[in-house]
Structure formats: C-alpha cells, structure tokens
Amino acid sequence: MPNAIRLQNERVVHLSLERMVWPSGPVCPHCGEAARLGRLNGLSTPIGAWKCYSCRKPFTIRNGTIFHNSHVPLHVWLQALYLLTATRQKMGSQRLAQTLGVSVRTAWHLKQKIAGGLAVSPLEVACYAPWQHGDMVMRCEFLDCQVDGGPGSASCVARFERFMAALEGIATAETDTLFIQALRRLLATRPERLEEAGEALTEVQLELGLLDDEPAQPRVRAASFGGFGMPVSQAKN
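Anyway, here's the lowdown on the structure attached to this text.

Cut-offs applied
Residues numbered from 1 in each chain as written. Predicted model: local features only at pLDDT ≥ 70, side-chain atom pairs only at ≥ 80, totals over all residues. Heavy atoms only, no water. Core = buried A, V, L, I, M, F, W, Y, C linked by side-chain atoms within 4.5 Å. Buried < 20%, exposed > 50% of the residue type's maximum accessible area, 1.4 Å probe, protein only. Helix = DSSP H or I, 4+ residues; strand = E, 2+ residues; numbered from the N terminus. Contact = heavy atoms within 4.5 Å. Salt bridge = Lys/Arg side-chain N within 4 Å of Asp/Glu carboxyl O. Phe/Tyr/Trp six-rings, centres within 6.5 Å; stacked < 30°, edge-to-face > 60°. Axes fitted to C-alpha atoms, helices over the stretch in contact; angles between N-to-C directions. Parallel < 35°, antiparallel > 145°, perpendicular 65-115°, else oblique. Left-handed = near helix turned anticlockwise from the far one by under 90°. Nonpolar A, V, L, I, M, F, W, Y, C, P; charged D, E, K, R; others polar. Polar contact = N/O pair within 3.5 Å; in protein donor to acceptor, adjacent residues only side chain to side chain.

**A word on the nonpolar core**
- In terms of nonpolar packing, the biggest core is built from 47 residues, with L7, L17, L78, F179 and L183 touching the most fellow members.
- Where this core is concerned, the elements lending two or more residues are α1 (10-21), β3 (50-52), α2 (74-86), α3 (93-100), α4 (104-118), α6 (153-166) and α7 (173-188).
- Looking at this core, the element that brings in the most residues is α2, giving 10 residues.
- Those residues within four positions of L183 in sequence are excluded, and the remaining contacts are I5, L17, M20, L78 and L81.

Below is the structure:
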C-alpha cells in the first residue's frame, strides 16, 4: 500500500517518513535493534524521537541522513525540497525564505545542502534505498485533526498556506514524482559521502525567524571640515 507523504507540520512529516523508511517498524540506527524500542512522548523530547532499550540511545528518522543535527524542522526541509524540485532549483533564496518564514541565510544553506545531496551518484545511493515504489504526496489543505494547537501550530498553518500559494499552477503529478525521487535520494545519502565530495557538513546554527539583519558595518568617524577644505582641528591652528 503506498505511503502518503504529508508536509503540513512536523508530526505528520515524521509519521510519513517513518512509514516510508521503516515499512516493517522502526530500527535502531545505532545497533540494529528492531524489538526493544519505544517512542518518546515527553514534553521536552523532540517530535519523532525513539529510544532503543538495547543500546540505550535515542534516535529519530533523521539519524544517518543529511537532515541529522539540523535545527531546521523536518517539514521545512521537505517543503523547501518540493519548492526547489518543482521549480527545477530556480527559486531564489530570498523567495524561498519568505515562503518558509526563515532567514535568507537559512534558505541559502537549505539550497546548498539539498543540491549537494542530490549531486551524489545514484549508484552510491542505491545500496541504501530499502523502500518500495508507490509513494504519493498529499497536497491538501490543513485538516482540523492535523492542527495540534500546541506551540508553533499557527506558524505551521501560515507556512503551509504560503507553501501552497507558491505551488499554485506548478504542482502536478510530475512534480510529486520528482519530489519523491529527490526525497528518496536525500534519505539514502550518507553525510560522509558529502564530506568525501568536499561538502562542508558542520551544522550551522540555523534559527528560524524572519530575515536576518545585515551584520553591522564598522562605523568610520568622518572628519569635520572647516574653511578651505581643512579639518576643523587644523583650521583652528
């Protein structure tokens, strides 16, 4: 049965990708345990977190992918990926930032990492791809059951509305297929492969927000000139 990939918010994105990557249930990426696992639902735990009771380590669907250790929510990554694949990566960082509600710097880094992940050879990716064909993208409006009412839910709704508006007239079954193919590649691309290709994978603290302020330029104190074009200090002598 095909998996429906939903992009509305963090919770539905994690559930969608878990069904895609773990069709038979979660597997610990640290030790390979598939039985002694439990989902973490604490208020302080990130969405989509699991714990392995064999090696005692937590993990999420991001582990071992280029999304790992990123401070950008996964649904923002996937919305950026869809926008870039639908526009053949022609969407600029400024417009991408405005659509996703992130800084231009964050949008630029998303574009660079996505481009780097998709540039990895398909043969290198194939050995990591365990999923089946038939996945589909659910491009629909928010349902009441998808709005959890928790912190940040209003921004997720507003972001998804801007995302849908940006796709108006360009989202088709073909762009869905391109997105799924790109997503499969990014999920299967190991970060070490990008390091070998010379990509800098040291995670920058990418904080969500509106456009970043430009760094303050050093202020040069202009000299005050008196008569005859001479500085005031010299004109008084």
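What follows picks up the thread again.
**Regarding the pattern of salt bridges**
- With the rule as written, the count across this model stands at 3 salt bridges.
- The partner of R62 in a salt bridge is E10, with the nearest N and O atoms 3.5 Å apart. Highlighted residues: R62 in the loop between β4 (58-59) and α2 and E10 in helix α1, separated in sequence by 52 residues.
- Judged by its relative accessible area of 10%, R62 falls in the buried class.
- A salt bridge links E174 to R88, with the shortest nitrogen-to-oxygen separation between them at 3.6 Å. Placement of E174 in helix α7 and of R88 in the loop between α2 and α3 is noted, with a sequence separation of 86 residues between them.
- Residue R88 is classed as partly exposed on the basis of its relative accessible area, which comes to 48%.

**Quick look at the packing of aromatic side chains**
- Following the criterion strictly, the structure yields 5 aromatic pairs and no others.
- Ring centres of F67 and W77 lie 5.1 Å apart, and the angle between their planes is 65 degrees; on these two criteria the pair is classed as edge-to-face. Linking F67 in the loop between β4 and α2 with W77 in helix α2, this pair joins segments that are 10 residues apart in sequence.
- The buried category is assigned to W77, whose relative accessible area is 1%.
- Here Y82 and F179 contribute two aromatic rings whose centre-to-centre distance is 5.1 Å and whose plane-to-plane angle is 40 degrees, an arrangement assigned as tilted. Here Y82 is found in helix α2, whereas its partner F179 is found in helix α7, with 97 residues between them in sequence.
- The class for Y82 is buried, based on a relative accessible area of 0%.

**Digging into the packing of α2 against α7**
- The geometry of α2 relative to α7 is characterised by a closest axis approach of 9 Å and an angle of 125 degrees between their N-to-C directions. Here α2 is positioned oblique relative to α7, judged by the angle of their axes. When you trace α2 past α7, the crossing you get is right-handed. Residues L78, L81, Y82, T85 and A86 of α2 pack against T175, D176, L178, F179, A182, L183 and L186 of α7.
- Considering only residue class, the contact of α2 with α7 consists of 9 nonpolar, 2 polar and 1 charged.

**Some details on the side chain of E10**
- When its relative accessible area of 13% is taken as the criterion, E10 is described as buried.
- Within polar-contact distance, the side chain of E10 engages the side chain of R62 at 3.5 Å.
- A polar contact of 2.7 Å, which involves the side chain of E10, links it to the side chain of H75.
- With near-sequence residues (within four places) excluded, E10 lies in contact with I47, R62, P73, L74 and H75.

**Quick look at unusual backbone geometry**
- The backbone of R56 shows a phi angle near 65 degrees, a positive value even though the residue is not glycine.
- Considering the arrangement of structural elements, one finds R56 in the loop between β3 and β4.
- For R56, a relative accessible area of 52% gives the class exposed.
- Positive phi, close to 65 degrees, is recorded for N69, a residue that is not glycine.
- Summarising the element assignment, N69 is placed in the loop between β4 and α2.
- The exposed category is assigned to N69, whose relative accessible area is 54%.

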